[in-house]
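Close look at the chain arrangement
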Amino acid sequence: MDPDPDNNIIIDTEFEFEFLAQLYRQDAPDSVLLTEYPSSNSLETYFQNRDRFIIHDPFPPPSVDLLTQLGPHHLMCGWGSDVKVTSQVAPSEALLEHWKSIFGSEGVPRWESFDSADREKSYLTIFPHEKISASQQAVNPEVNYFLHSKEVIEKIACPQAAVLPRVSYPCVAKLTHGYAALGNFFLRNSEDEREMRNRLADQWPDAKLVINSMIENIVDDFGVQFYVQKNGGVIWLGLTEQQFDDSFRWCGGVYSHDQQTNLFESLRPFVAATGDYLARRGYFGVAGIDVVQNSSGNMFLVDVNPRLTGVSPFLIASRIFAKKEGWKEGVYHASLKFQGTMDELISKVESVSKARAMVLSAVERTKQGFTICHFSVNSDSQERNREVVSEIFG
């Protein structure tokens, strides 16, 4: 256990656990993990936030498959069996059997159907929900919504980009409740700003923006994960290097076992300050922060996500694979396309040698003849990981 020299917050790096459900069992043993994000512009999901807790999801809205299967199911991967999970659509038996072959029965989630008529159940939510009463959400939804705002970042006492009173080029404008970098706009000139304003006028005319100074010469973006206990303790989970596509949309992560210890001292002040802030406001559970590093070696906090994030299951799985199987390098890709059925995909994945390949979630598009999946592979090198991705997806 390592005390932070600045604020005396203890970050436990030696806490023994395998699956995230084992952590939540201590603080909310009778709650159920609801793995679905709400939507504020889709009509294809039950979980809509129309009046309160607006979430700035993209336009056009996410597909129903992404909202109800691909996204929710991947957060169940490697969750464990100690705390139940729920969603609108059950994960397929093929997917559950695939996970069982990797983690054993104790690593397979205990799924139950979401029952909107059950007014007694308590839910662990990924984001505050309008369709569920406040008393049924394990973290107060008003508090949770506030903590999800980009306005919270500047309240964390650690190095970060300056918050500007108005647009001043170059800068970054962020919708307060965007996610996966979908609500971020990089503004280098008036044309960029005009394009952003036109888009917001059509999509989110009442949205509030947070304007940050631009951090130049970024060389690394670390997705750092930890668990905030109800008693205020902080448990270190680890980190990945965030990956983004050409549109600056988050699309996966890279795991390196050596980085978990090599970067801990540099990242500890960010974890301690954020964990302390979240705990003092009543949050408990997994939290993710984004910390970027520039070419001079300076680090800056750029995002705070008090929830399981898209990379959480991959990080937890990578910890297991490094410890039990010796695979110390990993990569996670979101939304890859496989030409074939889900069964064919899983069969091909399970036949991989000299690596641990895994389907975290998948949706079969039968008419189009392909399957969309969240996929990871861990091995002894990133070169081998790239070979496996090429073997399966071409």
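Up top is the structure.
For the structure given in this document, a descriptive report is provided here.

1. Focus on the side chain of Asn49
As for its placement among the helices and strands, Asn49 is situated in the loop between β3 (32-34) and α2 (64-74). Assessed through its relative accessible area of 0%, Asn49 is described here as buried. Only 2.9 Å separates the side chain of Asn49 from the backbone oxygen of Pro128, close enough to count as a polar contact. Engagement of the side chain of Asn49 in a polar contact is seen with the backbone nitrogen of Glu130, the distance being 2.9 Å.

2. Section: α2
α2 sits mainly inside the fold: 8 of its 11 residues count as buried. Every buried residue of α2 is listed here: Asp65, Leu67, Thr68, Leu70, Gly71, Pro72, His73 and His74.

3. Some remarks on the packing of aromatic side chains
One pass over the full model with this rule turns up 16 aromatic pairs. Taking 4.9 Å as the distance between ring centres and 70° as the angle between the ring planes, the aromatic pair formed by Phe47 and Phe114 counts as edge-to-face. With a gap of 67 residues between them, Phe47 in the loop between β3 and α2 and Phe114 in the loop between β5 (111-113) and β6 (123-125) connect regions that are remote in the sequence. Each member of the pair, Phe47 as well as Phe114, is classed as buried. Chaining the aromatic ring pairs together yields one cluster made of Tyr46, Phe47, Phe114 and Tyr123. Its guanidinium or amino end placed over the ring of Tyr46, Lys131 lies 5.1 Å from that ring's centre, counting from NZ or CZ.

What counts as what
- Residues numbered from 1 in each chain as written.
- Predicted model: local features only at pLDDT ≥ 70, side-chain atom pairs only at ≥ 80, totals over all residues.
- Heavy atoms only, no water.
- Helix = DSSP H or I, 4+ residues; strand = E, 2+ residues; numbered from the N terminus.
- Buried < 20%, exposed > 50% of the residue type's maximum accessible area, 1.4 Å probe, protein only.
- Polar contact = N/O pair within 3.5 Å; in protein donor to acceptor, adjacent residues only side chain to side chain.
- Phe/Tyr/Trp six-rings, centres within 6.5 Å; stacked < 30°, edge-to-face > 60°.
- Lys NZ or Arg CZ within 6 Å of the ring centre and 35° of its normal.

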